[in-house]
Amino acid sequence: MASLVSVDEIRAAAARLAGVAVRTPLVPFPGAPPGLLVKPESLQPTGSFKLRGAYAAISALPADLRARGVVAHSSGNHAQAVAYAAALLDVPATVVVPVNAPPVKLGPVRRLGARIVTTEPSLSARMAATDELIRRHGYALIPPFDDRAVISGQGTIGLEIAADCPDADLVVVPVGGGGLISGISAAVRALSPATRVVGVEPELAADARESFRSGRRVAWPAQDTQRTIADALRVEQIGSLTLDHMLSHVDDIVTVTENEIREAVRRTAAQAHLVAEPGGAVAVAACLLREHDLPSARTRVAVLSGGNIDPALLAGILAGGGTGQGGGTGQGSGTGDGGKARGGAGPGSAGLGGGSGAEGAGAGGPAPA
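Quick caveat: nothing in here was measured; it's all calculated off a predicted structure. (Residues numbered from 1 in each chain as written. Predicted model: local features only at pLDDT ≥ 70, side-chain atom pairs only at ≥ 80, totals over all residues. Heavy atoms only, no water.)

A few points about the overall build of the protein chain
When you go through the protein chain residue by residue, the secondary structure sums to 14 helices and eleven strands. Within the protein chain, the fraction of its 369 residues that count as buried is 60%. In the protein chain, of all internal contacts separated by at least 6 residues, the share reaching a separation of at least 24 is 76%. Roughly 12,900 Å² of accessible area belongs to the protein chain as shown, and the carbon and sulfur atoms make up 53% of that amount. (Helix = DSSP H or I, 4+ residues; strand = E, 2+ residues; numbered from the N terminus. Buried < 20%, exposed > 50% of the residue type's maximum accessible area, 1.4 Å probe, protein only. Contact = heavy atoms within 4.5 Å. Areas by Shrake-Rupley, 256 points an atom, 1.4 Å probe, with all protein chains shown as cover.)

Brief notes about the environment of Ser192
Within the element layout of this structure, Ser192 appears in the loop between helix H8 (179–191) and strand S8 (196–202). Look at Ser192 and you get buried, because its relative accessible area is 16%. Spatially, the C-alpha atom of Ser192 lies 9.6 Å from that of Ala163, the residues being 29 residues apart in sequence.

Digging into the confidence of the model for the protein chain
When the pLDDT values of the protein chain are averaged, the result is 88; 87% of them are 70 or greater. In the model, residues 322–369 has pLDDT below 50 throughout and makes 126 contacts with residues more than four positions away in sequence or in other chains. (pLDDT = per-residue confidence, 0-100.)

Brief notes about unusual backbone geometry
In this structure, Asp90 takes a positive phi of about 60° despite not being glycine. Within the secondary structure, Asp90 sits in the loop between helix H4 (77–88) and strand S4 (93–98). With a relative accessible area of 69%, Asp90 lands in the exposed category. One non-glycine residue with positive phi stands out, namely His273, at about 60°.

Focus on the sheet that holds strand S10 (residues 300–304)
Ordered in space as S1-S2-S10-S7-S8-S9, the six strands form an open sheet in which the pairing is mixed. Looking at which strands have only one partner, the edges of the open sheet turn out to be strand S1 (27–28) and strand S9 (252–256). Pairing of strand S7 (residues 170–174) with S10, which is carried by three bridges, proceeds in the parallel orientation. Residue pairing across strands places Leu170 opposite Arg300, the latter belonging to S10. Most of the contacts of helix H7 (residues 148–164) go to strand S2 (residues 36–40), to which it runs at about 140°, and overall it touches S2, S7 and S10. (Pairing = 2+ DSSP bridges. Axes fitted to C-alpha atoms, helices over the stretch in contact; angles between N-to-C directions.)

Concerning the pairing of S8
Of all seven residues making up S8, six are buried, and the element is well covered by its neighbours. Relative to S8, S7 runs parallel, the two sharing five bridges. Across the sheet, residue Pro174 finds its bridge partner in S8, namely Val200. You can see the chain leave S7, run along H8 and come back into S8, and the turn it takes is right-handed. Across five bridges, S8 lies against S9 in parallel orientation. (Right-handed = clockwise from strand over helix to strand, strands pointing away.)

Remarks on the packing of helix H1 (residues 7–17) against H8
Interhelical geometry of H1 versus H8 gives an angle of 115° and a closest axis separation of 9 Å. Once H1 is placed against H8, the crossing between them reads as left-handed. Across the interface between the two elements, Val7, Ile10 and Arg11 of H1 pack against Gly183, Ala186, Ala187, Ala190 and Leu191 of H8. (Left-handed = near helix turned anticlockwise from the far one by under 90°.)

Considering the pattern of salt bridges
Scanning the entire structure with this criterion turns up 17 salt bridges. Across the pair Lys105 and Asp231 runs a salt bridge whose closest N-O atoms are separated by 2.6 Å. Of this pair, Lys105 sits in helix H5 (residues 103–111) while Asp231 sits in the loop between helix H10 (222–225) and helix H11 (240–249), and the two are 126 residues apart along the sequence. Among the salt bridges present, the one from Arg189 reaches Asp251, with a minimum N-O distance of 2.7 Å. Of this pair, Arg189 sits in helix H8 while Asp251 is found in the loop between H11 and S9, placing the two residues 62 residues apart along the sequence. Residue classification places Asp251 among the partly exposed residues on the basis of a relative accessible area of 35%. (Salt bridge = Lys/Arg side-chain N within 4 Å of Asp/Glu carboxyl O.)

Now the structure itself:
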């Protein structure tokens, strides 16, 4: 097992993030069972927690590596965060994204001047394209989750929770690749050892739960994880370093259904007056609708990890439409849980494959203030 990220590393990341990332508040959730607080990372300048890890990682690079430029692969939010952080630091950026990445997440990437490369909607395809770009251009890789600097940046959320709510009994965190829960759990375990940390992911993309409970990394096929509406959590396999953190610091990982995710998005908007994308709402969904799956607690903190949602999708959810299972882009349906629900067909995107596919220059835009 690799050494785990320390609270000192997280504190160092927090110092680099000062004045860049928003110290998000803990917001009471009206109408929910008593003691539910929401940590709305949707309030970050890029609309998700990913800014913390991206800026922490890029700002830690030596000058010679920054000069070569950075590259990242992402389903959307990490791409936007890397583009924003790179613009702040005057570093050239290239991002590799799946062909079905939501336009709402790619528009800001283009405006920030990052170069966009599209590939097939699978983690392996994104990684292959990224490796090819590194081979050709010598870019520095900014991984989406399985990286000490990135985990340290995400862990600053845990520092803030421990400082702002020392009495929290339970912290509930969305899980995709595992970087967010790794950082938060490392901070919380160091500063508040009695506080429990539980991860949440969609039933239709439950590789993290399966990996956590088996003690080894388990991969799900891309066509299975593509079924969930939670595009930010369509990761086929968690990282090695993130699994080590989960096995050491995390108490459990639970899942929520597609209908529960939609209901959480709707109630978060109507009751807490916060915008959540589907992947960002899974921890709230568990607290509102799967309380029986969580440890008992008097004070719970649910991390709302992002709010980059297509306006039409949000409107449909708020109107009560689109409540069937499966993703919002024509993906197959399924209602089983976790590893038992792998039969649905994914989208038939041909993709562009390897590193040579569709390398488009992003439109230049002003660096963020």
